[in-house]
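Chains, contacts and geometry: an overview
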Amino acid sequence: MALYNAQIFITPFIYILVCWLLLGCITLSFCHETDILCLKSIKESIKDPLNSFSGSWIFDNITEGFICRFNGVECWQLDENVVLNIRLSNMSLQGEFPRGIDKCTSLTGLDLSGNEFYGSIPSDIDKMLPYGTSLDLSSNNFSGEIPSSIANMTHLNIVLLNNNRLEGQIPPQITSLSRLKSFSVANNLLSGPLPNFVVDVTFSYENNKGLCGEPLSRCRRSLMSFKSGFVIGYSVSVVSFIVVFVSYFMPWLDVKKGNRKITIKEMILLMMRKEKRRRKATLEMKSATSSESSNEISKWEKFVPRMSFIELSNATDNFSQNSIIGVGKQGTVYKATLPNGWFIALKRFHDPQRYDEDFKSELQMLGQLRHNNLVPLLGFSVESNERLLVYKYMSNGNLYDWLHSGEGEAKSALEWPLRFKIAIGLARGLAWLHHNNSSVHLVNLQLNSKSVLLDHNFEPKISNFRSAVEMQTSEPDSTSSSMLIWELDFMKCDVHGFGIMILELITGKDGISVGTKYDDCDNQLSSNSFDACDAIDRSLIGKGFDAEISQSMKVAYDCVQPVLHQKPTMLEVYNKLMAVREEHGPTYDSEITAANVELERV
């Protein structure tokens, strides 16, 4: 009987335990699985007569990040199946609004413009796209009313609903979207008063015959406008009465102005005029500053979304000391947690006025660049005297700490294959910056192990573009005659810095002590200041990688040799390292080849 009772008690316990363990296992990949289901649902619900996107949406691949290669899909990270944006514009797609997007739980941008979608915009769109910053449904056949729930999408920066068949009023609640910068409902069938935005919004309302209010035709005077006029008139009357009363019944209250006395009446009138001039000047100054700032911010928002300073502050527990993960010359870096559970790294600039140009430069450069070996910039925040940049959080910190930790445990964890993987990733990232097929190329000039961040897979991410130089050339080939000599020199500075980085990976020594200081490009190495045999990290020797390490050392010496024009390009460096890998083991990566410089850009 006792045994029976024990079984009754134990059986549910074991059942709960098993369920809990299974739930834990499922949770680890839940976000990834839901995003895959999201794209599957979208593909099934949309007609694609021209095979514009569905041909690339093949789901028989099981590798991590495979959906990030789909046409129109942008991920938070190349090696994670987590969708950031879906952009399916101008593809002749047909169907109703794809409700499957609610399974893309981290989606921030949706662009379905220029297609043949029909039906109504879902009334629960705020629940389907809770973290949306950009919504573009323009140039389709959507009908019905604009759902008022759109006002609950507090992260929205851009709402484009123009060129549809929408009717009814514009929800007045939409004015509560404090981050909204661009709003268009032109060429619809809307009616009623225009929203009175309290924030600076670029709007477009034309070709809606029923809409009224500034800047369109006046709306009919209502009881509310009468009340407003009454209040204003009453206020003016009261002020006038006070002036008259003071003037006629208190004439003895005189004050001096220069060599003569003035009455209280004159004094009040002077004060009123002065206050009026002050307010006018203030408004003009604010208007000019706001206009300039708004235009600049609008440009930035084309690259990454603007984020709320208050929400970012809350995500760091009001920038608490416990959230700090790094302090640099420009600012302090915090680890923060977004409401959806995602970790981010937040750089808060020390002195916004002093480092304003650095902030703008890094925002514009990283905002336009997307590569697996560059630190992903996710957003920014500009609030009065605050400047914030938001990055993807890198769980393994920076390379410097791994190589130069006091106890040596972290350094010993970096076996040679992992170090070589980091070297190849850095070479790939720099080669892409120098030789990508766009018209803009970038030189970092600040490469060092502290600015190399490592994600959860130890994939290196180049950061710190404070001193980066942007070069424009019509040819991606560095040997082109259109490439200026000084541009080549700048590129060779990155090559030199990368050579120091390889030596640092091989020796485990601080990069500055390995050779001369590589951030001074005018003073290249005149001689190597150490014996190669004695310099190699002893923990790497005799483990089957000696030949590979020796060949990598030769590549490093090519990079740091004193004759500038004899240094290889970063593309050549990458190919040399890939040749080393191919000679001694399986190819680590094949994105860049000598014949094809079309480096991946996401």
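Just above sits the structure.
Report follows, based on the coordinates.

Reading the values: rules and limits
- Residues numbered from 1 in each chain as written.
- Predicted model: local features only at pLDDT ≥ 70, side-chain atom pairs only at ≥ 80, totals over all residues.
- Heavy atoms only, no water.
- Pairing = 2+ DSSP bridges.
- Helix = DSSP H or I, 4+ residues; strand = E, 2+ residues; numbered from the N terminus.
- Axes fitted to C-alpha atoms, helices over the stretch in contact; angles between N-to-C directions.
- Core = buried A, V, L, I, M, F, W, Y, C linked by side-chain atoms within 4.5 Å.
- Buried < 20%, exposed > 50% of the residue type's maximum accessible area, 1.4 Å probe, protein only.
- Salt bridge = Lys/Arg side-chain N within 4 Å of Asp/Glu carboxyl O.
- Phe/Tyr/Trp six-rings, centres within 6.5 Å; stacked < 30°, edge-to-face > 60°.
- Lys NZ or Arg CZ within 6 Å of the ring centre and 35° of its normal.

1. Description of the sheet that holds strand β11 (residues 189-193)
- The strand order across the open sheet formed by six strands is β3-β5-β7-β9-β11-β13, and the pairing between neighbours is parallel. Whereas interior strands pair on both sides, the edge strands pair on one side only; in this sheet they are β3 (94-96) and β13 (210-212). Each neighbouring strand pair of the sheet contributes to a mean axis angle of 20°, computed without reference to strand direction.

2. Focus: the nonpolar core
- The biggest cluster of nonpolar side chains holds 60 residues, and the ones touching the most others in it are F380, L399, F498 and L577.
- Looking at which element gives the most residues to this core, the answer is helix α10 (residues 416-435), with 11 residues.
- In terms of nonpolar packing, the next biggest core, distinct from the first, is built from 52 residues, C68, I101, L177 and F197 among them.

3. Things to note about the sheet that holds strand β19 (residues 377-383)
- Pairing is antiparallel in the open sheet, where five strands are placed in the order β16-β17-β18-β20-β19. In this open sheet, the two strands that pair with only one neighbour each are β16 (324-327) and β19. Here the average twist between neighbouring strands, direction ignored, is 20°.
- Alignment of β19 against strand β20 (residues 386-392), held across six bridges, turns out to be antiparallel. Bridging from a neighbouring strand, F380 pairs with L389 of β20.

4. Details of the pattern of salt bridges
- Enumeration over the complete set of coordinates arrives at 16 salt bridges.
- Of the charged contacts, one joins E311 and R179 as a salt bridge, the two residues approaching to 2.8 Å between their closest N and O atoms. Here E311, found in helix α6 (residues 309-315), pairs with R179, found in the loop between β9 (165-168) and β10 (182-184); they are 132 residues apart in sequence, far enough to count as distant.
- Here D356 makes a salt bridge to R387, at a shortest N to O gap of 3.3 Å. Placement of the pair is D356 in helix α7 (residues 356-368) and R387 in strand β20, with a sequence separation of 31 residues. The residues D356 and R387 share a single accessibility class, namely buried.

5. Let's talk about unusual backbone geometry
- At N90, a position not held by glycine, the phi torsion is positive, near 55°.
- Considering the arrangement of structural elements, one finds N90 in the loop between β2 (83-87) and β3.
- Not every positive phi belongs to a glycine, and D317 is a case in point at roughly 55°.
- Take D317: it is sitting in the loop between α6 and β16.

6. Some thoughts on the packing of aromatic side chains
- The tally for this structure, following the rule as stated, stands at 15 aromatic pairs.
- Members of the aromatic cluster, each reached through a chain of ring pairs, are F53, W57, F59, F66 and F70.
- One Lys or Arg, R348, reaches over the ring of F319 and ends 4.0 Å from the middle of that ring.
- Seen from the ring of Y400, K450 lies directly overhead, with NZ or CZ sitting 4.7 Å from the centre.

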